Protein chains: 4
Amino acid sequence: MRKPLRLGMVGGLSNVGETHRAAARMDGLYSLDAAVLSRDRDKNRRACEDLGIAEDRRYSDFAAMAAAEANREDGVEVVAVITPNNTHAPIAAAFLETGVHVLCEKPMTTSYEDALGLVRLAREKNLFLALCHAYAFYPMVHEARRIVAAGELGALRTIQVEYPSGWGASLVETSKSGAAWRMDPAQSGASSVVGDLGTHAHHLACFVSGLQARALLAELSTTVKGRGADDNAQLLLRFDGGVGGALWTTMAAAGCANALRLRVFGERGHLAWSQETPEELFFRGGSGADRVYRRAMEGMSAEAAAYSRSRPGQPQGFAESFANLYRALARAIHGRADGAAPPWFPDGVDGARGVDLVEAARRSHDGGGVWVALRDVEADLAARD
Amino acid sequence: MRKPLRLGMVGGLSNVGETHRAAARMDGLYSLDAAVLSRDRDKNRRACEDLGIAEDRRYSDFAAMAAAEANREDGVEVVAVITPNNTHAPIAAAFLETGVHVLCEKPMTTSYEDALGLVRLAREKNLFLALCHAYAFYPMVHEARRIVAAGELGALRTIQVEYPSGWGASLVETSKSGAAWRMDPAQSGASSVVGDLGTHAHHLACFVSGLQARALLAELSTTVKGRGADDNAQLLLRFDGGVGGALWTTMAAAGCANALRLRVFGERGHLAWSQETPEELFFRGGSGADRVYRRAMEGMSAEAAAYSRSRPGQPQGFAESFANLYRALARAIHGRADGAAPPWFPDGVDGARGVDLVEAARRSHDGGGVWVALRDVEADLAARD
Amino acid sequence: MRKPLRLGMVGGLSNVGETHRAAARMDGLYSLDAAVLSRDRDKNRRACEDLGIAEDRRYSDFAAMAAAEANREDGVEVVAVITPNNTHAPIAAAFLETGVHVLCEKPMTTSYEDALGLVRLAREKNLFLALCHAYAFYPMVHEARRIVAAGELGALRTIQVEYPSGWGASLVETSKSGAAWRMDPAQSGASSVVGDLGTHAHHLACFVSGLQARALLAELSTTVKGRGADDNAQLLLRFDGGVGGALWTTMAAAGCANALRLRVFGERGHLAWSQETPEELFFRGGSGADRVYRRAMEGMSAEAAAYSRSRPGQPQGFAESFANLYRALARAIHGRADGAAPPWFPDGVDGARGVDLVEAARRSHDGGGVWVALRDVEADLAARD
Amino acid sequence: MRKPLRLGMVGGLSNVGETHRAAARMDGLYSLDAAVLSRDRDKNRRACEDLGIAEDRRYSDFAAMAAAEANREDGVEVVAVITPNNTHAPIAAAFLETGVHVLCEKPMTTSYEDALGLVRLAREKNLFLALCHAYAFYPMVHEARRIVAAGELGALRTIQVEYPSGWGASLVETSKSGAAWRMDPAQSGASSVVGDLGTHAHHLACFVSGLQARALLAELSTTVKGRGADDNAQLLLRFDGGVGGALWTTMAAAGCANALRLRVFGERGHLAWSQETPEELFFRGGSGADRVYRRAMEGMSAEAAAYSRSRPGQPQGFAESFANLYRALARAIHGRADGAAPPWFPDGVDGARGVDLVEAARRSHDGGGVWVALRDVEADLAARD
């Protein structure tokens, strides 16, 4: 057994943090050795203690942590950034500067220039910068990507993706942990809902279709009275090659949970996948019987098998997807020592595309609902070299 | 038993026509006595013969039929108009002029002014002008409307409706009956797909929500190479009271059939209904268990019961919905003799709204994807008096 | 158009009767010309009047009707028998004796000997004797039969069939129409629940698998206090070739409606079909994606197409299945004149097998739950010649 | 943080073993410190090494392990027994004798007397003896138990449970890991299929209903040619209070995976739960809308909440259920130190009931399919004191 990677955590006293920790534990590939879990001194101390973090590695701020860990032989090798959106950039930068790989929550930053800056820094330091689009690590999402890439749908025609949630269906700003900053544009970015949920939907649509979104038109709205941020977004999209589409997301859909759902339509059929029933992938062609691909069925593709864990009919869920992300990053880091190519994971370029989506949605909406071009991240990076 | 209403038919040599005839037969409320089923003389004769229509009531054109029937004591009392969209206006007008009630396929006309004209004529003649939005006659659609009206969702927030079909997923223009005129803008109207399918989705959304659409923004596209009409439409909608929404429809979704699906979201929960599984209505509130309303369950509302026919668990389908429409019209006609208020059915005003939707979608798209106001039909009618 | 067949009806003032009438009307193949709908004189008169039956053909008992109709030139050609089980035999016999085809509700009789007697009489008179196992006329049931027959499951292993209903979940004996005689063994037969529901499940299992049941073991029980008949039955079954299986049925499953469900397992996969979602047929093989066959999909088999009516995605339900049965019988009758082979429909031999099932279940249970052989109907018929 | 419990493992080089290890890791409550993973010396060494087990704690047989660990201050506190059925008794006894808690795979033993012996030994030593019926740890299974206990179904009427699997649908005896001993009656017990799968179904039915099975009638069969053990079982069951039921299980259902499914019917409605879609619990009452309880919905019961881990709509699966079992056992052990009552988990008495089920099924079948009484475990234990 490899020695577990030394993991640090900034933020994460929330549910999301617990998801990260369970994912890190599941394969025994990480040990959580250092953290600043909360800006509240007492809460931080207690939480670190509960998690068995040594006293001298319970930090009160990220800068101190980055500096101190850099001076230890057993300093953290990877840091998970699980803080409000507007703090991702300085935190991620601090760790990249000191040679630590970064796994960053989405959206990566609250400005496109910051996003480009992080990508450039990671490249310069030869470090991994990974984004938490864990939904892409469901086996059947990889299967969907394979089916599209194999041309089984023929030329694509339209992509319909949506992510309605109900976590903000009432005015939870003060009552629900994490809601206050998510609903504060100063901390969450140009669009609360597009940043929080829309970036996941956008990433999934692009990952599965193999296409990039090139333009959008957005209608942002606030459906809960008294709310200071948008909570509903209707986007029209144009992907590579003239493929059209739409993206709808909201956190105010009472009764919805994490109903991320993707449908990709091509000239020969369509695919549908839902995050809440992730073990199945639905395919309907223009003729013949529908097909339902199940995880772990005999004859499963290598792409799905790579992230399939439990036996057929023993449901695998969200925790395993998150663990798959952590596993991919661990393999990338270990593989580097071995000279192996890293497995795919969402990276800083994906992160920058997500930030661009948020900003473009805001510009489109503020312009009255107009078509706005999305940026070419690689070209912009090249232009800044 | 009432004597069956004397029914005439213009057009209807197609599948759609057979749907009409089965609906008219199912309750024994109509007898099909006169028709011009096809412009092809031989086909018309044979089809009329097969249907047992007397030789002297097999007509070669609608004008002759309207005139001749008007001169018979046993002339038709109702006529079903099942022809290409651009012919609805003159045909419907001819029969209204001679005192015959009209059941007209959608979209009602290919111009908003023609639509207003038909409504005014029907009112002037004191005749019923009904539109074939048969999907509204599923019992669970009525149940959905009841639930919204009862305030169980609270204030509405967003309406998501879609109608993807695959009947035009390849270039069927010459191979499939009815496809040629549907894909010819001269016959189908300003938007083929919005007229053919979008009007159903729009009607359903308005009927269930109890709201009218007041503005739209449209992106129309042609996804099948070589096609001379649009076949995909993404609409953003604004309903009464600032409620937002979206409508997607296409006839080029390979593998889809008649996947009309409506979701209505309010502050306290949401409803979902799908035409392809019409016996169930899904309700999820902000807390507690989901509810699935089933047709014919004990405790069914009067609204759903009115159009429920078979026992619980013996599935009722599309044929019964169409028969429900015919039954509603028959009751309206009979009720008039009895002085009873007519039951609800989609009427000429609904028809005019559908035509307006088609024209507005075209204007929005041609303007580059801009918000366009929808008209106030009653105000426009009043203005023309 | 063929002249409609002259149809008579004995019994049928119930929901079931209305199902028959709508089925007879749907294709315009029958006219309901004579009836004794109820033993209550006034109810009978009113109901016949409502249905437009001429005064002189509203009969007060079946014997009078059989005699009188036999003396008319326009006498009925087919009679539907929709009465309590113990009256089927004399009624069916009376009409067969006078040359009238019979469509009989299930179970065909309340004694196996009576059942054999009807089959022999029908053969002697060269008349059709059809049984109302209408569930077999769903297109996807025919598709299931085709798939099994084509060997796609390989050798069969086990058949699981069930039909839980909740119509008798409380003591409805006096409150619900038709419940009193169904719960009276003197009228319903040796097992109320096996006769009422189990015969449908048995027929479906045999029809789809192409196998006959050869032995059974039964546990009958009464789950509703105060009830004088069984209302729950667990049967173990042995089919041809050593294939095993089980059949569960009850009318006391609170909340169930008509949840007839069949699963057939073979060495290479299994099939599942549910009457309450009849448009789909599920197939899962040992490897690869599941398949969901939909009615009216492109590439539908001829077997399914034969009874498919509406377009893809426009749900077809129970009413059409019943109409398919009426259509099959009409085609058989018309085909005879034309010298054509009759289409398949459940016949007297199927009926006798159902009656045998009921009696065997009773014998097995009363013997303490022992294996009991089922009879060979054709051999028994031959033995009586 | 508590120091992790020191865990030992006997057997577990299989998929099942990996499930155990992931479950033990997920909450950080255990450290795997000693093991004999395989009887193959080399495989054992390599596997122990991969798992980071110290060299001196990689044992070649369980007796040596029990003895050596008993002599260490840091010896294991809990041992997981993941070996062929016929070895459970001696292994579990060896560790109980030396003061180690036991978590044992099902069926607990291959003889009822051995089962009683283990229970007595555990009680004598004041140690926990837990059984791996992990399916009971799905949150919605606890919810189902709560609903039944609260009387929402009224008096129960019938219980239908099934567990078809396809892992042995072909002659996998030599090709699939773990299949050889499972299909060898000398190692698996009196019924391979009832022991392997039927005990899970039986446990689930009893746990949710709150009833014990008191008698059964069984038909065992072998559906795969060349197989030396049964692979299909149909059981009729009688529970406390005259409640009837049926249990079907097989490992030869081609295409099935782990399709454990329970339905409980009462006078006021019924519940249905499926292991392959474990996040939902279906309730249908005699009237009104169906209810679908979802894990983590607002208003979730305390019973379901106790084992709910991820947020609403982020699917939780089998791995978490297994981890819940490990967590319950850890809490029981820790709670003892604190004087707290242990949480519920399946224990030795449950294990003995499962073994009795297996033996009774064999006796019933061999007697020609006769009703056989199930034993009263507590009475039998008392009788042996």
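Fair warning: this is a prediction, and the values are worked out from it, not measured in the lab.

Enquirer: Sorry if this is basic, but what is going on with the interface of chain B and chain A here?
Expert: A common way to state how big an interface is: give the accessible area lost once the parts meet. Across the contact, 31 residues belong to chain B and 31 residues belong to chain A. Breaking the side of chain B that touches chain A down by element, the ones donating at least two residues are strand 6 (156–164), strand 7 (213–221), strand 8 (232–239), strand 9 (244–250), strand 10 (261–266), strand 11 (269–274) and strand 12 (280–285) of chain B. It is strand 9 of chain B that contributes the most residues to the side of chain B that touches chain A, 4 residues altogether. Its residues assigned to classes, the side of chain B that touches chain A shows 10 nonpolar, 16 polar and 5 charged.

Enquirer: Any chance you could explain the environment of Gly368(B) here in plain terms?
Expert: Residue and element names in this part refer to chain B. Tracing the chain through its elements places Gly-368 in the loop between helix 12 (348–366) and strand 14 (372–373). Gly-368 sits in the exposed class, given 10 other C-beta atoms within 10 Å. Spatially, the C-alpha atom of Gly-368 lies 8.1 Å from that of Glu-219, the residues being 149 residues apart in sequence.

Enquirer: What should I look at first to understand the sheet that holds strand 3 (residues 78–82) of chain D in this one?
Expert: Paired through backbone hydrogen bonds, the strands of a sheet run either parallel or antiparallel to each other. Residues and elements named next belong to chain D. With parallel pairing, 5 strands are arranged side by side in an open sheet as 2-1-3-4-5. Across the chains shown, the open sheet's two edge strands, defined by having one partner strand only, are strand 2 (30–36) and strand 5 (129–131). Shown here is a sheet whose adjacent strand axes are inclined to one another by a mean of 25 degrees, direction ignored. Relative to strand 4 (residues 101–104), strand 3 runs parallel, the two sharing 4 bridges. Within the sheet, the bridge partner assigned to Val-81 lies in strand 4 and is Cys-104.

Enquirer: Got a minute to help me understand the interface of chain C and chain D in this structure?
Expert: At the junction of the two partners, chain C supplies 31 residues and chain D supplies 31 residues. Of all the elements in the fold, those that place two or more residues in the side of chain C that touches chain D are strand 6 (156–164), strand 7 (213–221), strand 8 (232–239), strand 9 (244–250), strand 10 (261–266), strand 11 (269–274) and strand 12 (280–285) of chain C. Broken down by element, the residue count for the side of chain C that touches chain D peaks at 4 residues, all from strand 9 of chain C.

Enquirer: What is the right way to look at the domain arrangement of chain A in this model?
Expert: Residue and element names in this part refer to chain A. Domain parsing of chain A yields domain 1 (5–134) and domain 2 (138–310). A separation of 27 Å is found between the C-alpha centroids of domain 1 and domain 2. Of the residues lining the interface, 8 residues belong to domain 1; the matching set on domain 2 comes to 11 residues. Of the residues in the side of domain 1 that touches domain 2, the class split is 2 nonpolar, 5 polar and 1 charged.

Enquirer: Which parts of the structure should I look at to understand the relation of the copies chain B and chain A?
Expert: One copy of the chain maps onto the second through a rotation around an axis plus a translation along that axis. Of the transformation placing chain B onto chain A, the axial shift is 0.0 Å and the rotation is 180 degrees, giving an RMSD of 0.0 Å. What the rotation and shift describe, once combined, is the action of a two-fold rotation axis. Among all residues of chain B, the minimum C-alpha distance to the rotation axis is found for Val370(B), at 3.7 Å. Most of the interface of chain B is mirrored in chain A, where 100% of its interface residues again form contacts.

Enquirer: Explanation requested: the relation of the copies chain C and chain D in the structure shown.
Expert: After a rotation of 180 degrees and a shift along the axis of 0.0 Å, chain C superposes on chain D with an RMSD of 0.0 Å. A shared binding surface is used by both copies, with 100% of the interface residues of chain C retained as interface residues in chain D.

Enquirer: Is there a simple way to explain the packing of helix 1 (residues 15–26) of chain C against helix 11 (residues 318–338) of chain C in this structure?
Expert: Geometry of a packed helix pair, given as the angle between the helix axes and the separation of the axes. Residue and element names in this part refer to chain C. Interaxial distance between helix 1 and helix 11 falls to 8 Å at its minimum, and their mutual angle equals 65 degrees. Here helix 11 runs roughly perpendicular to helix 1, going by the angle between their axes. In the packing of helix 1 onto helix 11, the handedness of the crossing is right-handed. Counted together, Thr-19, Ala-22, Ala-23, Ala-24 and Met-26 of helix 1 and Ala-319, Phe-322, Ala-323, Leu-325 and Tyr-326 of helix 11 form the full contact between these two elements. The residue makeup of the contact of helix 1 with helix 11, split by class, is 9 nonpolar, 1 polar and no charged.

Enquirer: Looking at this model, I keep getting lost on the sheet that holds strand 5 (residues 129–131) of chain A. Mind explaining?
Expert: All names here are of chain A. Reading across from one edge, 2-1-3-4-5 is the order of the 5 strands in this open sheet, with parallel pairing throughout. Only two strands of the sheet have a single partner each, and these edge strands are strand 2 (30–36) and strand 5. Neighbouring strand axes in the sheet, compared pairwise and without regard to direction, differ in orientation by 25 degrees on average. Here strand 1 (residues 5–11) runs beside strand 2; their pairing, made up of 6 bridges, is parallel.

The rules behind the values
Residues numbered from 1 in each chain as written. Chains lettered and ligands numbered in written order. Predicted model: local features only at pLDDT ≥ 70, side-chain atom pairs only at ≥ 80, totals over all residues. Contact = placed C-beta atoms within 7 Å. Helix = DSSP H or I, 4+ residues; strand = E, 2+ residues; numbered from the N terminus. Nonpolar A, V, L, I, M, F, W, Y, C, P; charged D, E, K, R; others polar. Buried ≥ 20, exposed ≤ 12 C-beta atoms within 10 Å, placed from the backbone. Pairing = 2+ DSSP bridges. Axes fitted to C-alpha atoms, helices over the stretch in contact; angles between N-to-C directions. Domains from an automatic or database assignment. Least-squares fit on C-alpha atoms with pLDDT ≥ 70 in both. Parallel < 35°, antiparallel > 145°, perpendicular 65-115°, else oblique. Left-handed = near helix turned anticlockwise from the far one by under 90°.

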